[in-house]
Amino acid sequence: MQTMDKKRLGLYLHIPFCRSKCAYCDFFSLVPSNEDLVERYINALILHMHSYRTGAKDYAPDTVFIGGGTPTSIGTDMLLKLIRAVRRNFSVIRGAEWTVEANPATVDVAMLNRLRRAGVNRLSMGLQSANNNELAALSRIHRRQDFEASFRAARRARIGNINVDLMFGIPYQTRQSFLKTLRYVVHLGPEHVSLYDLMLEPGTQLYAQRQTLPFPSEDEEVDMYLTAVDFLAQHGYAQYEISNFARPGYMCRHNLKYWNCEEYLGLGVAAHSFFMGNRFSFIRNLDRYMNGLEIPSSAIRLTDQNDAVSPRERLGEYIMLRFRLAAGLNVREFARLFGVSFEQLYGRKMQPYIQGGYATYKNGVYALTPKGMFVSNYILSDILEFADLGQINMFDGTR
Amino acid sequence: MAGERRKHIRNFSIIAHIDHGKSTLADRILEFSNTVQQRDMEEQLLDNMDLERERGITIKARAVRISYSAPDGETYELNLIDTPGHVDFNYEVSRSLNACEGALLVVDATQGIQAQTLANAYLAVDAGLEIVPVINKIDLASADPDRVIREIEDVIGIPAEGCPRISAKTGLNIPDVMEAILRDIPAPQGDENAPLRCLIFDSVYNSYLGVVVYVRVKDGTVRAGDRIRLMSTGAEFDVVEVGYMDPFGLKPLDVLSAGDVGYITASIKTVSDTRVGDTITSAANGADTPLPGFKSVLPMVYAGIYPADGARYGETKDALEKLQLNDAALVFEPETSAALGFGFRCGFLGLLHMEIIEERLEREFNLDLITTAPSVIYEVTLHDGTVVRVDNPSNYPAPETIEFAAEPIVAANIITPTEYVGNIMDLCQDRRGTFIDMKYIDDGRAELHYKLPLNEIIYDFFDTMKSRTKGYASLDYELAGYEPSELVKLDFLLNGEIVDALTFIVHKDKAYPRARKIAEKLKDNIPRQLFEIPIQAAIGSKIIARETVKALRKDVLAKCYGGDITRKKKLLEKQKEGKKKMRQLGSVQVSPEAFMAVLRLDDES
């Protein structure tokens, strides 16, 4: 089969290692005890890719995303080894989007040059804040100066598509300090900005400090969010998803697959997939993960959960995910996918939100406004039905 | 012949304060007389309902016949009539006592006389019973039987020297109790040739037999095939079966005669035909006068009961009807609330009765219920002279139409360690009580008499009293008529709309603090919504308290890391589940839990 005839796929590879654990992080990541562990993991991950060679032979990835953790913390050689294995095992299309996540102070021009030559054309960098006190509160290893050096290194290595991750809701953060961070970022001029609300997850260091540190109030957070949406738009970064902003033509194609209900295969410890109609994830235990791949006869179950998605769930997911996007939900596409009318099912429920300025309806498209996005859980849990749709005839929602 | 047999009958009850060991003593008597073998013993055999066993209270009276071979070589027939031990069921207690000639008064040797000990002892004295004191729990280190005996003699005024000192738990000195029953309790009197008169002291619905009526035959005889008449209603039935009860069921007999305790079945469909205290006589040649003391028990406390899921209205109705088959004191009628939909206004004997009914509905019928705050019945006299009885606060007449209003008052009897007398006085004062008098029971304890409005007692009096006396004070009360009172109707508005289910009636001096407290509770329990929700408490059009539930502005899962959709979906599903249960109160959604939390009456108000 020619690459062009194959189905498109987002490929995600998880690198669970970091130089140090941040105070807010509840992702699956750890600080490796030695280099051997990293190499052993990369070899296991390569075995994992190999095991999908046949299963994914009808697919051609058009996005590859190496995330973490901090992928750049494992060093250039390991990353290149991984990238070569991707090319060996999958027919990645020409012009694919290749993203590597990086943290400031873990990259230099030489590394980035080699990554670019291997095909990496997008870099996602975690700045979080341009205020060093706020960075310290998050226990990030970098300071603003480190970020700036890394950013300039990426530009010198001619990486033309850079994302900068920002956060709001950080201890000590104010509207003023947040605006300063925003100004600083637009001044540097990345192609893409992600803006996350700091979540206090049980078990993290910040969660334990939630009573003692001065966190911004809910009203201040809403204010920061809405300010950022306006500010970034004024500077050429249009919001296309709850947390994502891009200059024209630079939306993250890989992440869009998540919102567009397209297929993606996530390999590595604790990675998530939506592949061939199933949502599944791999186990969150590093040792078991590596053992399971190294010794095929060990019969270790690598998947944690594996749910076939029913048409009804698919419909719920579709609404949930489309409403994350500024582009919203197109009723004609909805009807084509599911064989039922969105207006008939949900039109009445959407009315009060449209009247209240939380949603819009224009030319057959329902979308949430930024104000609505910030209370999207409330709205979705009000209108959504995941299973209980009663007796309606519908299509299965596959393309 | 029959008179000879009667000499060997003893009909008696056991009366006690809660937890003083009444049910345990009953178990030991059954065991000691070999009525049940030890291996058949379940704790508290007489209490049939699960709920009774769990709460350690006896809800419905039961009676068992015990055949006892005494050391004197004679065989006696002991009828033990168990009685409910709570103030809500005082009338049932008094009827059970009227079926007896004597009562064992069980007093805990570590605690001494408590409010219910006294209340029940006085009921027994009123019924003309021979009272046999029994000092229980003498095996405990803190037992002081001599002090308790002095208390009984001083306070109740009956001789107690030489009374049985036992441990029902360990079985110590149970023979003394048996001996005292035979020696001190008189055999029943009566004339089996006189017209039939049976006192109904309980009735239980059974789906095979219809109503099983528990009776004490005072005069005459009754047998299967006799036509009988209920004297209060005139209803007539044909007797299907008579007999006696043992711990394992009904044992048919040919005849019940004067002096006997037993049961009658007559294809009776509902217990409301066989009201406790009524007299059964023969349809032909019946007695001229009924036995004294019958009264129709009236509910004192009312509350709205609504299914949390409106679709289960029919099931709720069926369940209430089933409970009513066995509980003539439960009344209900359909009502509609703008906030809660279709439900029932239910009348109860008291708060405990209400809790028991709620629990049985939830447990035995698997219903989720929303219960409104309990209310008493107010008597409102209008300008035109009509008197309205209000059992639902939202039906309270408009103030400008009211000439005056009256509320039910109780005579309360509180026994407390003397160190807490001040606390009790403060509490009663605060609850609009009128002090009557105080007596010292002994060096350590006092008995206080107060007149108190019933609506203060059903608010949170009992719990507050317990918390202010470290649990030592005990309370007993009885209805003592109605008195004029300055009452106001307090409404609550959410987003400008009155929520009828939250309306209640309160004394005008209490309106402000109560309004503030409930408004605060509402604020804490109403989930934030996309708009600001004003909470207002109002008397008529006058707002007396106000709170605001701030608008929700942030409810988002921003990161969707590495395509982990499942986590997000689960979160939304959970949130969705919560929303499904919400009740729409006007434009505001409130969960049933929040609603109940607001009504939950706790601590100090």
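Residues numbered from 1 in each chain as written. Chains lettered and ligands numbered in written order. Predicted model: local features only at pLDDT ≥ 70, side-chain atom pairs only at ≥ 80, totals over all residues. Heavy atoms only, no water.

Observations concerning the overall build of chain B
Counting its secondary structure elements, chain B contains 14 helices and 32 strands. Compactness check: chain B gives a C-alpha radius of gyration of 27 Å against a globular reference of 25 Å for 605 residues, within 12% of the reference. Within chain B, contacts between residues at least 6 apart in sequence are counted, and of these 69% link residues at least 24 apart. When the accessible surface of chain B is totalled, it reaches about 24,800 Å², and 49% of it is carbon and sulfur. Each charge sign in chain B was given a centre, from 70 positive and 94 negative side chains, and these centres are 8 Å apart. (Helix = DSSP H or I, 4+ residues; strand = E, 2+ residues; numbered from the N terminus. Rg over C-alpha atoms; globule rule 2.2 N^0.38 Å. Contact = heavy atoms within 4.5 Å. Areas by Shrake-Rupley, 256 points an atom, 1.4 Å probe, with all protein chains shown as cover. Lys, Arg positive; Asp, Glu negative; His and termini not counted. Charge placed at Lys NZ, Arg CZ, Asp CG, Glu CD.)

A short note on the state of the cysteines
Residues and elements named next belong to chain B. Taken as a whole and judged by the stated rule, the model has zero disulfides over all chains. Here cysteine 198 is not cross-linked by a disulfide; its sulfur's nearest cysteine counterpart is in cysteine 100, at 15 Å. Note on cysteine 198: relative accessible area 0%, which makes it buried. (Disulfide = S-S within 2.5 Å. Buried < 20%, exposed > 50% of the residue type's maximum accessible area, 1.4 Å probe, protein only.)

Comments concerning the interface of chain A and chain B
Contacts between the two partners involve 47 residues from chain A and, on the opposite side, 30 residues from chain B. Buried area between chain A and chain B, both sides added, is near 3,700 Å², and the carbon and sulfur share of it is 55%. Counting every contact that joins chain A to chain B gives nine salt bridges. For arginine 528 of chain B, the salt bridge identified is with glutamate 218 of chain A, shortest N-O distance 2.7 Å. In this assembly, chain A and chain B are joined by 19 residue pairs in polar contact (both at pLDDT 80 or more). Every element with two or more residues in the side of chain A that touches chain B is listed here: strand 1 (7–15), strand 6 (192–197), helix 8 (218–234), helix 9 (253–259), strand 12 (303–308), helix 11 (311–322), helix 13 (342–355) and helix 15 (376–383) of chain A. Per-element accounting of the side of chain A that touches chain B gives the leading share, eight residues, to helix 15 of chain A. Across the side of chain A that touches chain B, the residue classes tally to 23 nonpolar, nine polar and 15 charged. (Buried area = accessible area lost by both parts, 1.4 Å probe. Salt bridge = Lys/Arg side-chain N within 4 Å of Asp/Glu carboxyl O. Polar contact = N/O pair within 3.5 Å; in protein donor to acceptor, adjacent residues only side chain to side chain. Nonpolar A, V, L, I, M, F, W, Y, C, P; charged D, E, K, R; others polar.)

Re the sheet that holds strand 17 (residues 331–337) of chain B
All names here are of chain B. Strand order in the open sheet formed by four strands is 17-18-16-19, with antiparallel pairing between adjacent strands. With partners counted over all chains shown, the strands left at the sheet margins are strand 17 and strand 19 (369–371), one partner each. Between one strand and the next, the sheet's axes are offset by a mean angle of 30°, whatever the strand orientation. (Pairing = 2+ DSSP bridges. Axes fitted to C-alpha atoms, helices over the stretch in contact; angles between N-to-C directions.)

Examining the domain arrangement of chain A
Residues and elements named next belong to chain A. Assigned domains of chain A: these are domain 1 (3–258) and domain 2 (311–383). The interface of domain 1 with domain 2 comprises 13 residues on the first partner and nine residues on the second. Of the roughly 960 Å² buried at the junction of domain 1 and domain 2 (both faces included), carbon and sulfur atoms supply 72%. Considering only the surface of domain 1 that becomes buried against domain 2, Tyr225, Glu241 and Ile242 emerge as the three largest contributors, covering 45% of it. Run the count over domain 1 and domain 2 and you get one salt bridge. The residue arginine 324 makes a salt bridge to glutamate 241 at a minimum N-O spacing of 2.6 Å. The tally of links between domain 1 and domain 2 comes to three residue pairs in polar contact (both at pLDDT 80 or more). Among the elements of the structure, helix 8, strand 7 (238–241) and helix 9 are those that each provide at least two residues to the side of domain 1 that touches domain 2. For the side of domain 1 that touches domain 2, the leading source of residues is helix 8, giving five residues. Among the residues making up the side of domain 1 that touches domain 2, the classes are represented as nine nonpolar, two polar and two charged. (Domains from an automatic or database assignment.)

Looking at the packing of aromatic side chains
All names here are of chain A. Here the structure, examined in full by the defined rule, presents 30 aromatic pairs over all chains. A centroid spacing of 6.2 Å and a plane angle of 70° characterise the contact between tyrosine 52 and phenylalanine 275, whose relative ring orientation is edge-to-face. Residue tyrosine 52 is found in the loop between helix 1 (35–51) and strand 2 (59–68), and its partner phenylalanine 275 is found in strand 10 (residues 272–275); the two are separated by 223 residues along the sequence. A residue is classified by how much of its surface remains accessible, and tyrosine 52, at 17% relative accessible area, is buried. A residue is classified by how much of its surface remains accessible, and phenylalanine 275, at 4% relative accessible area, is buried. For the ring pair phenylalanine 342 and tyrosine 346, a centre distance of 5.1 Å and an interplane angle of 40° mean the geometry is tilted. Of this pair, phenylalanine 342 and tyrosine 346 both sit in helix 13, separated by four residues, roughly a single helical turn. (Phe/Tyr/Trp six-rings, centres within 6.5 Å; stacked < 30°, edge-to-face > 60°.)

Some words on the nonpolar core
Residues Tyr41, Leu267, Tyr289, Ile319, Phe323 and Phe342 of chain A are the most contacted members of the largest nonpolar core, which totals 134 residues. Here this core spans two domains, since at least three of its residues come from each of domain 1 (3–258) and domain 2 (311–383) of chain A. If you look at the next biggest cluster of nonpolar residues, it comprises 46 residues, including Phe332, Leu369, Tyr378 and Met465 of chain B. (Core = buried A, V, L, I, M, F, W, Y, C linked by side-chain atoms within 4.5 Å.)

Some remarks on the side chain of aspartate 108 of chain B
Residue and element names in this part refer to chain B. Inspection of the secondary structure puts aspartate 108 in strand 4 (residues 102–108). Among the residues examined, aspartate 108 registers a relative accessible area of 1% and is labelled buried. One polar contact links aspartate 108 to threonine 110, side chain to side chain, over a distance of 2.6 Å. Apart from residues no more than four positions distant in its own chain, aspartate 108 is found in contact with Asp19, His20, Asn136, Lys137 and Val148.

A short note on the packing of helix 15 of chain A against helix 13 (residues 565–580) of chain B
Viewed as axis vectors pointing N to C, helix 15 of chain A and helix 13 of chain B meet at an angle of 65°, and their least axial separation amounts to 8 Å. Helix-helix and strand crossings are classified by hand; for helix 15 of chain A and helix 13 of chain B the assignment is right-handed. In this structure, helix 15 of chain A contributes Asn377, Tyr378, Leu380, Ser381, Asp382 and Ile383 of chain A to the contact, and helix 13 of chain B contributes Leu571, Leu572, Gln575, Lys576 and Lys579 of chain B. Here the residues of the contact of helix 15 of chain A with helix 13 of chain B sort into five nonpolar, three polar and three charged. (Left-handed = near helix turned anticlockwise from the far one by under 90°.)

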